[in-house]
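Residue strings, one per chain:
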Amino acid sequence: MSALLRQIPANIPQDMRKIRIENSHLTELPRGSFENVSALEYLWLNFNNITVMHIKSLEYLPALKELRLQGNKLRSVPWTAFQDTPALKILDLKHNRLDVLPEHALRYLPNLTYLDLSSNQLTVISRDVFYNWPVYQRSQRVEGQIEAISNAVLALHDNPWICDCRLRGFVQFIKSVGPPIILMNSYLTCLSPKLRAGKFFHEVELNSCMKPLTSALDTNLTVPVGLNITLTCFVQASPSPAVWWTYTLKLLRAFNVSTEAISEETVRSELLIPAARPADAGNYTCTAANFLGNSSVSISLQVGAPWASTISPDHLPIAPAEPGAHVEVRIAKQTVYGITLEWFAAAAVAAEPGETWYTLLVGRYDAAQKDAIYIGPGVNTYSVTDLLPATKYEVCVAVRNQAPRKGQCVVFVTGSDVSQLEQREKLIHIIVIVCAMVLAVPAGMYACTAEARPGCLARCPGACPRRRREGQAQAAGSKESTLDSLPAGSEDGLCRPEGGRGGRQPPARDEPGKARPPHRNSADLY
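All of these numbers come straight from a predicted model, not from anything done at the bench.

1. As for the overall build of the protein
Now for step 1: Counting its secondary structure elements, the protein contains eight helices and 27 strands.
Now for step 2: Classification of the 526 residues of the protein by burial places 35% in the buried group.
Now for step 3: Sequence-distant contacts in the protein: of pairs separated by 6 or more residues, those separated by 24 or more amount to 63%.
Now for step 4: When the accessible area of the protein is evaluated, it comes to approximately 31200 Å², of which 53% is carbon and sulfur surface.

2. Brief notes about the sheet that holds strand 10 (residues 181–183)
Now for step 1: Read from one edge of the open sheet, seven strands run 1-3-5-6-7-8-10, paired in parallel fashion. The outermost strands of the open sheet, each flanked by one partner alone, are strand 1 (18–20) and strand 10. Across this sheet, the average inter-strand angle for adjacent strands is 10°, counted without regard to direction.
Now for step 2: Where strand 6 (residues 90–92) and strand 7 (residues 114–116) come together, three bridges link them in parallel fashion. Note that in strand 7 the partner of Leu91 across the bridge is Leu115.

3. A short note on the environment of His25
Now for step 1: With respect to the helices, strands and loops of the structure, His25 is situated in the loop between strand 1 and strand 2 (28–29).
Now for step 2: Of the residues examined, His25 reaches a relative accessible area of 29% and is grouped as partly exposed.
Now for step 3: A sequence separation of 22 residues divides His25 from Ala3, and the C-alpha atoms of the two residues are 7.7 Å apart.

4. Comments concerning a nonpolar patch on the surface
Now for step 1: On the surface, a nonpolar cluster with roughly 250 Å² of combined accessible area is contributed by Ile430, Val434 and Val438.
Now for step 2: Tracing the sequence through the fold places Val438 in helix 5 (residues 418–451).

5. A look at the sheet that holds strand 23 (residues 358–364)
Strand pairing in a sheet relies on backbone hydrogen bonds, with the paired strands running either antiparallel or parallel.
Now for step 1: On the basis of which strands lie adjacent, the open sheet formed by four strands has the order 24-23-26-27 and antiparallel pairing. The sheet terminates laterally at strand 24 (371–375) and strand 27 (409–413), the two strands that pair on one side only. Between one strand and the next, the sheet's axes are offset by a mean angle of 20°, whatever the strand orientation.
Now for step 2: Here strand 23 pairs with strand 24 via five bridges, running antiparallel.

6. Comments concerning the pairing of strand 18 (residues 266–273)
Within a regular strand, side chains alternate between the sheet's two faces.
Now for step 1: Note: strand 14 (residues 229–238) against strand 18, eight bridges, orientation antiparallel. When the bridges of strand 18 are listed, Thr230 appears paired with Leu272.
Now for step 2: In this sheet, strand 18 lies alongside strand 17 (residues 257–261) in antiparallel orientation, the contact comprising five bridges. Residue pairing for strand 18: Val257 is matched across the bridge by Leu271.
Now for step 3: Hairpin geometry of strand 17 and strand 18 is characterised by an intervening segment of four residues between the two adjacent antiparallel strands.

7. Considerations on the pattern of salt bridges
Now for step 1: A full pass over the atoms with the stated rule returns 15 salt bridges.
Now for step 2: Across the pair Arg268 and Glu270 runs a salt bridge whose closest N-O atoms are separated by 3.8 Å.
Now for step 3: Using a relative accessible area of 25% as the deciding quantity, one classes Arg268 as partly exposed.
Now for step 4: Glu270 gets classed as partly exposed once you look at its relative accessible area, which sits at 27%.
Now for step 5: Within this structure, Glu66, Arg68, Asp92, Lys94 and Asp116 form a network of salt bridges that share partners.

8. Focus: helix 3 (residues 168–176)
Now for step 1: By the burial criterion, the buried members of helix 3 are Gly169, Phe170, Val171, Phe173 and Ile174.
Now for step 2: Each element contacted by the buried residues of helix 3 is listed here: helix 1 (128–131), helix 2 (134–139), strand 9 (161–162) and strand 10.

9. Remarks on the state of the cysteines
Disulfide: a covalent bond formed between the sulfur atoms of two cysteine residues.
Now for step 1: This structure, assessed with the given rule, holds four disulfides.
Now for step 2: Note on cysteine connectivity: Cys163 is disulfide-linked to Cys190, with sulfurs 1.9 Å apart. On the S-S bond that ties Cys163 to Cys190, the torsion sits near -90°, and the link is left-handed. Placement of the pair is Cys163 in the loop between strand 9 and helix 3 and Cys190 in strand 11 (residues 190–192), with a sequence separation of 27 residues. The two residues Cys163 and Cys190 agree in class, both being buried.

Cut-offs applied
- Residues numbered from 1 in each chain as written.
- Predicted model: local features only at pLDDT ≥ 70, side-chain atom pairs only at ≥ 80, totals over all residues.
- Heavy atoms only, no water.
- Helix = DSSP H or I, 4+ residues; strand = E, 2+ residues; numbered from the N terminus.
- Buried < 20%, exposed > 50% of the residue type's maximum accessible area, 1.4 Å probe, protein only.
- Contact = heavy atoms within 4.5 Å.
- Areas by Shrake-Rupley, 256 points an atom, 1.4 Å probe, with all protein chains shown as cover.
- Pairing = 2+ DSSP bridges.
- Axes fitted to C-alpha atoms, helices over the stretch in contact; angles between N-to-C directions.
- Patch = residues over 30% accessible without salt bridge, like charges linked within 9 Å, V, L, I, M, F, W, Y side chains within 5 Å.
- Salt bridge = Lys/Arg side-chain N within 4 Å of Asp/Glu carboxyl O.
- Disulfide = S-S within 2.5 Å.

Here it is as structure tokens:
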């Protein structure tokens, strides 16, 4: 009990008659798990983590009478493994995850007196599972021999039974079963479908299964442009079928489709097409399928010109563009794979922003048909993504139920790839940095020349007169300065007359007749 065993021990004594390993960590029963314990009669392996049971895991156990595997994680059982345990009388499989019982599951359990399959995941099983059980077959042979047959207790409660036509035979078996087969709990309950959820087996009457049969009230429809249209098909089937709509072999989006059961065997499916356009014309197919087969019906839709007559307010046709219904459109942001649009309605439209819908038409510039996107009231911006690079597109914005007018469309071309935009951004950054450096150098030079320490004069006392003379000669010979003149210009202001230790000398006055050196601005420093 509660041991850290991960496999069946190999050193079990051969004369062992009862083994009980519970709340441990066993995960499987491999082949020949108990081949050295042929005298074993009772095997309890409850509340482990057993998920796999080998078809020969019970080999060499002819005397086994009781097998308990409660509270494990078995999804299936190799029922033919019980050929090696002909004396088995008690089989406990409750609180596992079994979801299927094969038709011949109980064939190799002829002497069983207790079978517990409760609290599993069984939903649908055939009555033939029990009709093929030797215990049941013996009870049906001769009435005079029934008393000599031992009773067999059967537990099937607490399973999620689906009470449709597939369970019809099993429900009939449960209603008619009697000794020697005794149900531990005869009140088996339906979990689904909804109309039978919570009902007991003896309260329901199930019909035979039926292949889907689809139909439509009208298979040819013609509607004006801009009208909301609903296509409807009816399906008769049992069990309930899966229903879907297709348009030119393309599966339509589920949020435009609603399916509901209107009776036990009839389902209604509706497809909504908002603001029909000429591009919506074509054949729409409603298909239904269950395990018996499938069936479909096609509805042909034609979209014509707008109606001129008066119709119900709930289905307004497309209206001609009014002078006040103009919408101004502009691109707020553009990327390689999309754009962000902004639009501003004219005064007549903007007067009721809470009631105005917009239609956004997006597509390639040369495309005959464009995708329509319907924008709700109060929204004046939308981002279009997943566009192809280096492609010319056209986007139009119009008031709902109106055709776009001139000036309400924008034509643009997406970028070729991301690398071009990245290179452009890098180039802009480089230009900004270079401009900042160019503007910062003159200010730095002025600060250097104005605030330099006098200590530099001690290191170059003889350089100042010579540099001054060279500078004057260069100034006389040429009016253009280069970067080589920078040291001369800078040191000229730092040098002092020899022997001068006092304060800064006043600037010399211009002497008449003497050539004045040309003025150097900040640009000459370069």
